[in-house]
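Chain by chain, the residues:
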Amino acid sequence: MAAATPTEKNARTPLMAGNWKMNLNHLEAIAHVQKLAFALSDKDHDAVETAVLVPFTDLRSVQTLVDGDKLKIKYGAQDISSHDSGAYTGEVSGPMLAKLKCTYVAVGHSERRQYHAETDEQCNEKVRAAYKHGLTPILCIGEGLDVRKAGEQVPYTLAQLDGGLKDIPADQAESVVIAYEPVWAIGTGEVATPEDAQEVCGAIRARLAELYSQELADQVRIQYGGSVKSGNVAAIMAQPDVDGALVGGAALDAEEFVKIVRFRDQ
Ligand SMILES: O=C[C@H](O)COP(=O)(O)O
């Protein structure tokens, strides 16, 4: 499939999501979201969807702030249990996240895959759990350095895509967000070149067209993640198949994250 045309790209609202990982307690979360809300104008929100993926312990505070002040910032969690309830110590379920009015939930972040041995099958169950409870999954996929060095980044990443979306029907998959995060670029300062990002994001869109339809593929948002900063976001966002960023470290600095949201000004 050819890369997305400018028209197709313009039809997709960019999504800038800050993945806070295990940072910022619930009080710091309130202060941080207040800073974002103060800085971002209606014009910013019209142009770019802005979201924060926060630790579980921050969700209730962020919900109260967003609801109370009618903020346009979206929020969500960094993981979801594949189970609805029961004896699963330490897990947090879809119904719990839905009750907190989360919009998004990250599934299969490379740190979950690496430190918790999450498999594509488990990611697939989590994608199902998200849809079952009205949450939008941000399915994270991407290759490690060894795979990149072997030049196998496209087939490797597409296998993760196939696994994560296995048997997910089109009426659900049409709203999925895919985050392409080459593991070697996460938290390392080693950003993929815009061409590296486009190569895999374009291949992801082509696979979505094969799995579902061209129409569905044209509407799914594909993010790039890995050492995104205000200084490199514009070049990455200029790529035809990149529709946003999943931002780790730089999202912990409210001013820097606002600059990333305003990537068109950089
Ligand atoms: O979820 C975010 C990614 O892991 C990227 O993290 P980073 O921006 O700190 O490299």
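Residues numbered from 1 in each chain as written. Predicted model: local features only at pLDDT ≥ 70, side-chain atom pairs only at ≥ 80, totals over all residues. Heavy atoms only, no water.

A. How the structure looks around the overall build of the chain. On a plain count of helices and strands, the chain comes out with 14 helices and 8 strands. Relative to the globule expectation of 18 Å for 266 residues, the C-alpha radius of gyration of the chain, 17 Å, shows essentially globular dimensions. Expressed along its principal axes, the backbone C-alpha trace of the chain runs to roughly 45 × 45 × 35 Å. Per-residue burial over the chain gives 54% buried out of 266 residues. Restricting to contacts in the chain with at least 6 residues of sequence separation, those with at least 24 account for 75%. (Helix = DSSP H or I, 4+ residues; strand = E, 2+ residues; numbered from the N terminus. Rg over C-alpha atoms; globule rule 2.2 N^0.38 Å. Buried < 20%, exposed > 50% of the residue type's maximum accessible area, 1.4 Å probe, protein only. Contact = heavy atoms within 4.5 Å.)

B. Region of the structure containing the side chain of glutamate 49. With respect to the helices and strands, the residue glutamate 49 is situated in strand β2 (residues 49-53). Here the side chain of glutamate 49 touches tyrosine 104 through a polar contact of 2.5 Å, side chain to side chain. Those residues in contact with glutamate 49 that sit more than four places away from it in its chain are Thr13, Pro14, Leu15, Met16, Lys74, Tyr104 and Arg221. (Polar contact = N/O pair within 3.5 Å; in protein donor to acceptor, adjacent residues only side chain to side chain.)

C. Seen up close, helix α9 (residues 153-164). Along its 12 residues, α9 runs 17 Å from first to last C-alpha, staying within 8% of the 16 Å computed at 1.5 Å per residue. Within the sequence span of α9, burial applies to Gln153, Thr157, Leu158, Gln160, Leu161, Gly163 and Gly164. Among the structural elements, α6 (110-115), α7 (120-132), β5 (136-141), α8 (145-149), β6 (177-180) and α11 (194-211) are those in contact with the buried residues of α9. (Expected span 1.5 Å × (residues − 1).)

D. Just the state of the cysteines, in detail. If you walk through the whole model with that rule in mind, you get 0 disulfides. Cysteine cysteine 123 remains unbridged, with the sulfur of cysteine 140 as its closest cysteine sulfur at 8.6 Å. (Disulfide = S-S within 2.5 Å.)

E. Local environment of the UniProt feature "binding site: substrate" (unreviewed entry) in the chain. Per the UniProt record, the feature "binding site: substrate" (unreviewed entry) sits at Asn19, Trp20, Lys21, Gly187, Ser227, Gly248 and Gly249. The greatest C-alpha distance among the residues just named is 13.8 Å, despite their covering 231 residues of sequence, which places them together in space. Residue position: glycine 187 is located in the loop between β6 and α11. Take glycine 249: it is sitting in the loop between β8 (244-247) and α14 (254-261). (UniProt positions renumbered as here; feature names shortened; annotations may be inferred.)

F. Layout of the sheet that holds strand β3 (residues 74-77). Read around the closed barrel, the 8 strands follow the order β1-β2-β3-β4-β5-β6-β7-β8; overall the barrel is parallel. Here the strands of the sheet are splayed against their neighbours by 25° on average, with no regard to which way each runs. In the sheet, β2 pairs with β3 via 3 bridges, with the strands oriented parallel. Bridging across to β3, valine 52 finds its partner in tyrosine 75. Running over the sheet, α14 touches β1 (15-19), β2 and β8 and is turned about 160° from β1. (Pairing = 2+ DSSP bridges. Axes fitted to C-alpha atoms, helices over the stretch in contact; angles between N-to-C directions.)

G. Broad picture of the pairing of β1. Extensive coverage of β1 is indicated by the burial of 5 of its 5 residues. Burial of β1 is two-sided: the residues Leu15, Ala17 and Asn19 facing one way and the residues Met16 and Gly18 facing the other way are all buried. As defined by bridge partners, β1 adjoins β2 across 5 bridges and the pair is classed as parallel. Looking at β2, one finds that asparagine 19 is bridged to leucine 53.

H. A look at the packing of α7 against α9. Between α7 and α9, whose axes approach to 7 Å, the crossing angle comes to 45°. As the angle between them shows, α7 and α9 are arranged oblique. Across from Asp120, Asn124 and Val127 in α7, the residues of α9 making contact are Ala159, Gln160, Gly163 and Gly164. Of the residues that constitute the contact of α7 with α9, the class distribution is 2 nonpolar, 4 polar and 1 charged. (Parallel < 35°, antiparallel > 145°, perpendicular 65-115°, else oblique. Nonpolar A, V, L, I, M, F, W, Y, C, P; charged D, E, K, R; others polar.)

I. Region of interest: the side chain of glutamine 78. Of note, glutamine 78 is situated in the loop between β3 and α5 (94-99). Here lysine 21 takes part through its backbone oxygen, which lies 3.0 Å from a polar atom of the side chain of glutamine 78. A polar contact is formed between the side chain of glutamine 78 and the backbone oxygen of leucine 53, at a distance of 3.1 Å. In this view, glutamine 78 contacts Asn19, Trp20, Lys21, Met22, Leu53, Val54, Pro55 and Ala106; residues no more than four positions away in its chain are not counted.

J. Broad picture of the site of the ligand. Near the ligand you find 13 residues, and of these Lys21, His109, Gly187, Ser227 and Gly249 are the closest. At 2.7 Å, a side-chain N or O of lysine 21 approaches an oxygen atom of the ligand. Between an oxygen atom of the ligand and a main-chain N or O atom of glycine 187, the distance comes to 2.6 Å. Compared with its free state, where it exposes 300 Å², the ligand has 95% of that area covered by protein. Of the residues belonging to the shell around the ligand, the class tally is 4 nonpolar, 7 polar and 2 charged. (Near = heavy atom within 4 Å. Areas by Shrake-Rupley, 256 points an atom, 1.4 Å probe, with all protein chains shown as cover.)

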